[in-house]
Amino acid sequence: MSHKGMLLVMMQPPYHLEEEYNDWYDTEHLLDRLSAPGFETGKRYVSSSSGPRTYLAIYDLTDIHVMETPEYRKLSGTSFTPWTKRLMRRMRRYRALTEQVSPGDAVSQPCSSLLLVRFSGLLAADAGAVVDGVEVSFAREKLTLQHRVFAEERDGGVNYFAMVGSSAPLENRMGAETFGKRIAGSIDLAMSFMPYRVGMTWERSIEQD
């Protein structure tokens, strides 16, 4: 039985390209991906912490194999549009193709804040401990709207991603007291995001919060 997939992409456009980057993502890139079979949702977020702004896009997939379809291949790699090729060369990008470990077939729900935590270099056998730890940390929190765990095989190990949507920003509670030292020690990314709105400037987003 195949699991739901999630394509997760983070980008840091240079400040002088940020407006063009958002125009490109909103008017071309996101729409192209959502036109491919198997792409169920596509949502954009922007980091809510200080420092260089990181943009996050998450796509719910029927399964990870939709990335192998002829329709998707016409949109990717050597088939990138000239606009895509030019911008991709000018920004930092992180991409992960993951399978949903928990809970079943859930898809992304609207939220006001999204916490993303990555556990790197673990084992397939650690899936239950990661899921249980996320459950303990956030299931009973009143602000939590949705919590999910995804897995990606990479470099001989497994990276897990915890994604927690909430009605207001949540504190990252994923420490050694919940997971144990080994699993907690594998956390190498913990970021909070807020939804990106088309045409939203950074100054306006701060006012809205």
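This text follows the structure it describes.
Worth saying up front: this structure is predicted, and the values here are computed from it rather than measured. (Residues numbered from 1 in each chain as written. Predicted model: local features only at pLDDT ≥ 70, side-chain atom pairs only at ≥ 80, totals over all residues. Heavy atoms only, no water.)

Novice: I tried to follow the environment of Gln109 on my own but got confused; where do I start?
Specialist: Along the chain, Gln109 turns up in the loop between strand 4 (92–102) and strand 5 (113–122). Taking the C-alpha atoms as reference, Gln109 lies 9.6 Å from Lys43; in sequence the two are 66 residues apart. In this view, Gln109 contacts Lys43 and Gln146; residues no more than four positions away in its chain are not counted. (Helix = DSSP H or I, 4+ residues; strand = E, 2+ residues; numbered from the N terminus. Contact = heavy atoms within 4.5 Å.)

Novice: In this structure, what is going on with the packing of aromatic side chains? I would like to understand it.
Specialist: The geometry of an aromatic ring pair is captured by two quantities: the separation of the ring centres and the angle between the planes. Counting across every chain of the model gives eight aromatic pairs. Seen in terms of ring centroids, Tyr55 and Tyr196 are 6.1 Å apart; in terms of plane orientation they differ by 75°. Their pairing is edge-to-face. Here Tyr55 is found in strand 3 (residues 55–61), whereas its partner Tyr196 is found in the loop between strand 8 (187–195) and helix 7 (202–208), with 141 residues between them in sequence. For Tyr55, a relative accessible area of 5% translates into the label buried. Judged by relative accessible area, which is 11%, Tyr196 ranks as buried. Through successive ring pairs, a cluster of aromatic residues spans Tyr21, Trp24, Tyr25, Tyr55 and Tyr196. Over the face of the ring belonging to Tyr196 we find Arg44, whose NZ or CZ atom lies 4.1 Å from the ring centre. It is Arg118 that lies over the ring of Tyr94; its NZ or CZ is 4.9 Å from the centre. (Phe/Tyr/Trp six-rings, centres within 6.5 Å; stacked < 30°, edge-to-face > 60°. Buried < 20%, exposed > 50% of the residue type's maximum accessible area, 1.4 Å probe, protein only. Lys NZ or Arg CZ within 6 Å of the ring centre and 35° of its normal.)

Novice: Teacher, can you tell me more about the layout of surface pockets here?
Specialist: Rolled over the atoms, a probe sized like a water molecule indicates the empty space that remains. Taken as a whole, the second largest pocket holds about 240 Å³ of empty space. Lining the second largest pocket are 14 residues; nearest its centre among them are Glu99, Ala151, Glu152, Glu153 and Val158. Of all the secondary-structure elements, those providing two or more residues to the lining of the second largest pocket are strand 4, strand 6 (144–154) and strand 7 (157–166). By residue number, the principal contributor to the lining of the second largest pocket is strand 4, which donates five residues. (1 Å grid on protein atoms, 1.4 Å probe; cavity = no way out; pocket = protein on both sides within 12 Å on 5 of 7 lines; lining within 4 Å. Points joined across faces, edges and corners; volume = space filled by probe spheres on them.)

Novice: Please clarify how helix 4 (residues 127–138) should be interpreted in this entry.
Specialist: Three- or four-residue spacings in an α-helix give side chains the same orientation, since the helix completes a turn every 3.6 residues. Between the first and last C-alpha of helix 4 there are 17 Å, a value that for 12 residues agrees with the 16 Å anticipated at 1.5 Å per step. Among the residues of helix 4, those classed as buried are Ala127, Val130, Val131, Gly133, Val134, Ser137 and Phe138. Down the axis of helix 4, the buried side of the element spans an arc of 165°, and every buried residue falls inside it. Residues of helix 4 that are buried in the fold lie against strand 4, strand 5, strand 6, strand 7, helix 5 (176–179) and helix 6 (181–184). (Expected span 1.5 Å × (residues − 1). Arc of directions from axis to C-beta.)

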